[in-house]
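# Results of the structural survey
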Amino acid sequence: MLLVYVDDIVITGTDTALIFQLQKRLQSSFHMKNLGPLQYFLGLEMHSTTTGIFLNQYKYIQELITLAGLQEGRSVDTPLEVNVKYRRDEGDFLSNPSLYRQLVGSLNYLTITRPDIFFVVQQVSQFIQAPTHLHLAVVCRIVRYLHRTFALRTFLPCGFSYSFGCI
Amino acid sequence: MDSPIRLVAYSDADWAGCSDTRRSITGWCMFLGNSLVSWKSKKQDQVSKSSTESEYRAMSSTCSEIIWLRGLLGELRFSQVEPTSLHANNTSAIQIAANPVFHEHTKHIEVDCHSIREAYDACVISLPHISTILQTANVFTKALSKHRHHFLVDKLMLLNHPASI
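Just so you know, these numbers come straight off a predicted model, no measurement behind them. (Residues numbered from 1 in each chain as written. Chains lettered and ligands numbered in written order. Predicted model: local features only at pLDDT ≥ 70, side-chain atom pairs only at ≥ 80, totals over all residues.)

## Notes on the overall build of chain A
Here is the rule we go by: Runs of E in the DSSP output that reach at least two residues are strands. Runs of H or I that reach at least four are helices, and both are numbered from the N terminus. Contact criterion: two residues are in contact if their C-beta atoms, reconstructed from the backbone, are within 7 Å.
Looking only at helices and strands, chain A features five helices and seven strands. Traced from its N-terminal end to its C-terminal end, chain A shows the element sequence β-β-α-β-β-β-α-α-α-α-β-β. If you line up chain A on its principal axes, its C-alpha atoms span 60 × 30 × 25 Å. Counting contacts in chain A only where the partners sit at least 6 residues apart, residues at least 24 apart contribute 74% of the total.

Encoded structure:
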């Protein structure tokens, strides 16, 4: 399988020889550099082991925490408070909603490797048009949860051997 | 080629989870072998009159994803021969899908939702019951306690991996 994003290409498949052959074929027609086994692609970090593949966005999380300005804050165990429902027009509207939008957008991208925050990100995404201080507090709690759990990675255990390569 | 790796799905709903509209939240996730490959958390597009109805709507949208994923896997030559297990924790909703008799409480549910019955009859899906405790998709429908949250995070195969960085 061949995946192209602008000028980055990922090739994957069950046949290593075939991957190698495809690389050679592409290299003969286009000017490109072989970066070896896949490690980093669009902010996603891959770590391949004999038992499977780990996916994480460690660097992305650190940037997100910095963007929210919560490097020093206290961290929490869960992304969302239990038994609290959030409403559209609860609290004072933010005078400048751009930080909220930026954070929620980034959190959305982070759900690729962190499905554990998917529900809460779905919740805060609903208020993106007119966020209030209360909604921003929810977003900050997610970031504080990430601060605590940044080491969590998606693990894709191998059922059979798979190899990844990237150019 | 018959794939030794099976697709498995979990479907859950939080009835009237949205306090603004009283609509329910659909949550589902799918594993290929032990790997999480697809998941969703979404507000349903209309109000459900019962929790069973909201679970049924969730199962129906999960079923659509299963059909699509089975097609994709077939194209990649990992055809799923066996029906895909769609684990749900609401026995009444399972009954509505598996038993195509007239149900007084479901006569208002739109036709498209009932496509799950056809998938069940055609052995595209099977409908095993799962206890609420083991329902992995629960994490995509509501806020959970610390213990419960981390129990399900584990099931999603999110691990602490200290080896790198």
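There is more to say, and it comes next.
## Some details on the interface of chain A and chain B
Bring the parts together and some accessible area is lost; that lost area is often taken as the interface size. Using the following cut-off: For this scheme, ten residues count as nonpolar: Ala, Val, Leu, Ile, Met, Phe, Trp, Tyr, Cys and Pro. Four count as charged, namely Asp, Glu, Lys and Arg, and the remainder, Gly too, count as polar. Two strands are said to pair when DSSP picks up at least two bridges between them.
Counting residues at the interface gives 24 residues for chain A and 31 residues for chain B. Those elements that place two or more of their residues in the side of chain A that touches chain B are helix H4 (118-125) and strand S6 (152-157) of chain A. Here the side of chain A that touches chain B takes six residues from S6 of chain A, the largest share from any one element. Partitioning the side of chain A that touches chain B into residue classes produces twelve nonpolar, five polar and seven charged. As paired elements, S6 of chain A and strand S6 (residues 158-160) of chain B share three bridges and run antiparallel to each other. Residue Thr154 of chain A lies in a different strand from S6 of chain B, and its bridge partner there is Leu158 of chain B.

## Considerations on the environment of Arg25 of chain A
Within the element layout of this structure, Arg25 of chain A appears in helix H1 (residues 16-29). A sequence separation of 14 residues divides Arg25 of chain A from Ile11 of chain A, and the C-alpha atoms of the two residues are 13 Å apart.

## Looking at the sheet that holds strand S5 (residues 52-56) of chain A
Spatial strand order, S3(A)-S4(A)-S5(A)-S6(A)-S6(B): five strands in an open sheet with antiparallel pairing. Both outer strands of the open sheet, strand S3 (40-41) of chain A together with S6 of chain B, are each paired with one neighbouring strand and no more. Bridge count between strand S4 (residues 44-48) of chain A and S5 of chain A: four bridges; the pairing is antiparallel. Paired with Ser48 of chain A across the bridge in S5 of chain A is Ile53 of chain A.

## Thoughts on H1 of chain A
Which entries qualify depends on this criterion: To estimate the expected span of a helix, count its residues, drop one, and scale the result by 1.5 Å. Burial is judged by counting other C-beta atoms within 10 Å of a residue's own C-beta: 20 or more means buried, 12 or fewer means exposed, and anything between counts as partly exposed, with every C-beta placed from the backbone.
For H1 of chain A, which comprises 14 residues, the first-to-last C-alpha distance of 21 Å matches the rise-based estimate of 20 Å (1.5 Å per residue) to within 8%. When you tally the buried positions in H1 of chain A, you get zero out of 14 residues, a small fraction of the element.

## Focus: the nonpolar core
Counted only if it meets this: When buried Ala, Val, Leu, Ile, Met, Phe, Trp, Tyr and Cys residues are joined through C-beta atoms within 7 Å, the set is termed a nonpolar core.
Counting 61 residues, the largest nonpolar core has Val139 and Ile142 of chain A together with Trp28, Met59, Leu86, Ala97 and Phe140 of chain B as its most contacted members. Considering every element that reaches this core, the biggest residue donor is helix H5 (residues 133-149) of chain A, with seven residues. Residues contacting Ile142 of chain A, with those up to four places away along its chain left out, are Pro79, Leu107, Ile117 and Val120 of chain A.

## Topic: the packing of helix H1 (residues 51-75) of chain B against helix H2 (residues 91-98) of chain B
Residues and elements named next belong to chain B. To keep it simple, the criterion reads: Lines are fitted to the C-alpha atoms to define the axes, a helix being fitted only along its stretch in contact, and any angle between axes, read from their N-to-C directions, falls within 0 to 180 degrees. Small angles under 35 degrees read as roughly parallel and large ones over 145 as roughly antiparallel, with 65 to 115 read as roughly perpendicular and the rest as oblique. Throughout, a crossing is termed right-handed when the near helix is turned clockwise from the far one, and left-handed when it is turned anticlockwise from it by less than a right angle.
In contact at an axis separation of 8 Å, H1 and H2 are set at 55 degrees when each is read in the N-to-C sense. Classed by the angle they form, the pair H1 and H2 counts as oblique. As for the relative orientation of H1 and H2, their crossing is right-handed in sense. Counted together, Thr52, Glu55, Tyr56 and Met59 of H1 and Ser92, Ala93, Ile96 and Ala97 of H2 form the full contact between these two elements.

## Looking at the environment of His135 of chain A
Residue and element names in this part refer to chain A. With respect to the helices, strands and loops of the structure, His135 is situated in helix H5. Owing to 25 C-beta atoms within 10 Å, His135 belongs among the buried residues under this scheme. Separated by 86 residues in the primary sequence, His135 and Thr49 place their C-alpha atoms 40 Å from one another. Once residues lying within four places of it in the same chain are set aside, the contact partners of His135 are Tyr86, Tyr100, Val124 and Phe127.

## Some remarks on the domain arrangement of chain A
Residue and element names in this part refer to chain A. For the record, the criterion: Domain segmentation is taken from an automatic or database assignment of domains.
By the assigned domains, chain A splits into domain 1 (2-56 + 153-166) and domain 2 (58-149). In this structure, domain 1 and domain 2 have C-alpha centres spaced 32 Å apart. Taken together, the contact between domain 1 and domain 2 spans seven residues of the former and four residues of the latter. At the level of secondary structure, the elements contributing two or more residues to the side of domain 1 that touches domain 2 comprise S4, S5 and S6. Considering only residue class, the side of domain 1 that touches domain 2 consists of two nonpolar, three polar and two charged.

## Overview of the pairing of strand S3 (residues 35-43) of chain B
Residues and elements named next belong to chain B. Judged from the eight bridges that link them, strand S2 (residues 25-32) and S3 form a sheet pairing that is antiparallel. Residue pairing in the sheet places Trp28 in a bridge with Lys40 of S3. A loop of two residues connects S2 with S3, the two strands running antiparallel in sequence, and Gly33 in this loop sits at a positive phi of about 65 degrees.

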